[in-house]
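Structural overview for review
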Amino acid sequence: MPTLRRILHLAPQNISGVPITFVAAERKLGFESRLITLMRDPRGYEEDVCLELPFLRSRGVRWMKQAVSQPARLQISNRILQSAAAPPRWQAHSWAEKGLIALREHIWQARIARVMREIDFWNFDLYQLEGGLEFFRDGRTVRELKRRGKKIVCLYTGSDLRTRGLIPAVDDCADLRLTLEYDHLALDSSLTHILFPFAFETIAAAAPRLHGETIILGHAPTNRAAKGSAEIIAAAQSLAHDFSIRLELIEGVPHAEAMRRKARCDIFIDNLGELGYGVNALEGLALGVCTCTSLRPEFLARYPEHPFVEITFENLKAQLQRLCAQPELRASFAHAGRAWAEKNHGATQIVQTIHGSLQTISGANHV
């Protein structure tokens, strides 16, 4: 593989700070790395180059999607989809949707072209497409990159594959196809799984509280349906009959405020369901908080020494009851959490894993 010097990430938004975490890790390793996002993440994560494109998030756009898009693509759930013979693929659901997307992209073109000139778009060595997405649904940009011999990575991060499906014109051009989510492997077994990258350097872990009148139980859903929030809230309310509990429900606030509120929790619950853990759980571990989450069987098989408190629909209340009654047990999980996360989720380590996979593929292609 040719020597990598310049890396460009393209993402719909800096979702959960994951794209900018890749960029920071690559810069730390000596690469010139940039990030283009189509729109701002409402939680206030750091941006690099944000296009702030129209017609992506407004109330009118949401209404239009309900009118012209496939209904299943708008449904978020904490259950896994059934395994399929072929991966889910995106295509316009109707002539109306196809026409509206074409109109939107026509309006975008001038702004995209200007930014491409400003950052010397065509002269990067590696292009990582977060969510398997580029500027245009017909894949015109990524096809030109392929023609120029550029290396291309598609990285799927969550609902992109579950609800939208892969975009064939983009996905077909990828040299390496990755996912951060174990449940994606049931949808497309040809994907390669990697762990979420996380930057621990700026987060200090607090000592767990062993004494206190009130136990603070935190939960921070970006989407309640995807996180099993209804069941989590009900369990906390039920336990309030036996313990002094305050539920810290963290949603709709900037990321910095969310982190401050997570740091004061005694127990943090990432999610309940069948999808596995995400950045929320890693933030809990990094902060030194006893962290509960549902886990995928594939993860349990690969990381049996993990520091999470595993919760299911069946054991949720019992696990929380045990943690509320035993502060020392909470502390033991909290102490183990950060060290394990740093060992397995360090951002530079994940970047090196991706680049190693690209080198392996390039070597095989030249045999």
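Residues numbered from 1 in each chain as written. Predicted model: local features only at pLDDT ≥ 70, side-chain atom pairs only at ≥ 80, totals over all residues. Heavy atoms only, no water.

Focus: the sheet that holds strand 5 (residues 151-156)
- One open sheet holds the 7 strands; their spatial order is 3-2-1-4-5-6-7, and the pairing between them is parallel. Either end of the sheet is taken by a strand with one partner, and the two such strands are strand 3 (49-50) and strand 7 (192-193).
- In terms of strand pairing, strand 4 (residues 126-130) meets strand 5 through 5 bridges, oriented parallel. Bridged to Glu-130 within strand 5 is Leu-155.
- Where helix 1 (residues 18-28) meets the sheet, it contacts strand 1 (6-11), strand 2 (32-37), strand 4 and strand 5, and its direction lies at approximately 165° from that of strand 2. (Pairing = 2+ DSSP bridges. Helix = DSSP H or I, 4+ residues; strand = E, 2+ residues; numbered from the N terminus. Contact = heavy atoms within 4.5 Å. Axes fitted to C-alpha atoms, helices over the stretch in contact; angles between N-to-C directions.)

Some details on the packing of helix 9 (residues 229-239) against helix 13 (residues 316-325)
- Interhelical geometry of helix 9 versus helix 13 gives an angle of 50° and a closest axis separation of 10 Å. Comparing their axes, helix 13 and helix 9 come out oblique. Remark: the crossing between helix 9 and helix 13 carries right-handed chirality. On helix 13, the residues touching Glu-231, Ile-232, Ala-235, Ser-238 and Leu-239 of helix 9 are Leu-316, Lys-317, Leu-320 and Gln-321.
- Class assignment of the residues belonging to the contact of helix 9 with helix 13 gives a composition of 5 nonpolar, 2 polar and 2 charged. (Parallel < 35°, antiparallel > 145°, perpendicular 65-115°, else oblique. Left-handed = near helix turned anticlockwise from the far one by under 90°. Nonpolar A, V, L, I, M, F, W, Y, C, P; charged D, E, K, R; others polar.)

Re unusual backbone geometry
- For Glu-52, which is not glycine, the phi torsion reads 50° and is therefore positive.
- Looking at where Glu-52 falls in the secondary structure, it is placed in the loop between strand 3 and helix 2 (59-68).
- In this structure Glu-52 comes out as partly exposed when scored by relative accessible area, which is 44%.
- Unusually for a residue other than glycine, Asp-120 sits at a positive phi of about 55°. (Buried < 20%, exposed > 50% of the residue type's maximum accessible area, 1.4 Å probe, protein only.)

Side note on the sheet that holds strand 8 (residues 215-219)
- Overall, parallel pairing links the 5 strands, which are arranged 9-8-10-11-12 in an open sheet. What marks the edges here is a single partner per strand, and that holds for strand 9 (245-249) and strand 12 (309-310).
- In terms of strand pairing, strand 8 meets strand 9 through 5 bridges, oriented parallel. Looking at the pairing, Gly-218 lines up with Glu-248 of strand 9.
- Against the sheet, helix 9 engages strand 8, strand 9 and strand 10 (267-269), with an angle of about 160° to strand 9.

A word on the environment of Thr-21
- The residue Thr-21 is located in helix 1 in this model.
- Taking C-alpha positions, Thr-21 is 6.8 Å from Ala-347, a pair spaced 326 residues apart along the chain.
- Non-local contacts of Thr-21, meaning those with residues more than four positions away in its chain, are made with Pro-197, Phe-198, Ala-199 and Ala-347.

A look at a nonpolar patch on the surface
- Judged by side-chain polarity, Phe-55, Leu-100, Leu-103 and Ile-107 come together as a nonpolar surface patch covering roughly 350 Å² of accessible area.
- Relative to the helices and strands, Leu-103 is located in helix 3 (residues 95-118).
- We classify Leu-103 as partly exposed; its relative accessible area is 48%. (Patch = residues over 30% accessible without salt bridge, like charges linked within 9 Å, V, L, I, M, F, W, Y side chains within 5 Å. Areas by Shrake-Rupley, 256 points an atom, 1.4 Å probe, with all protein chains shown as cover. Salt bridge = Lys/Arg side-chain N within 4 Å of Asp/Glu carboxyl O.)

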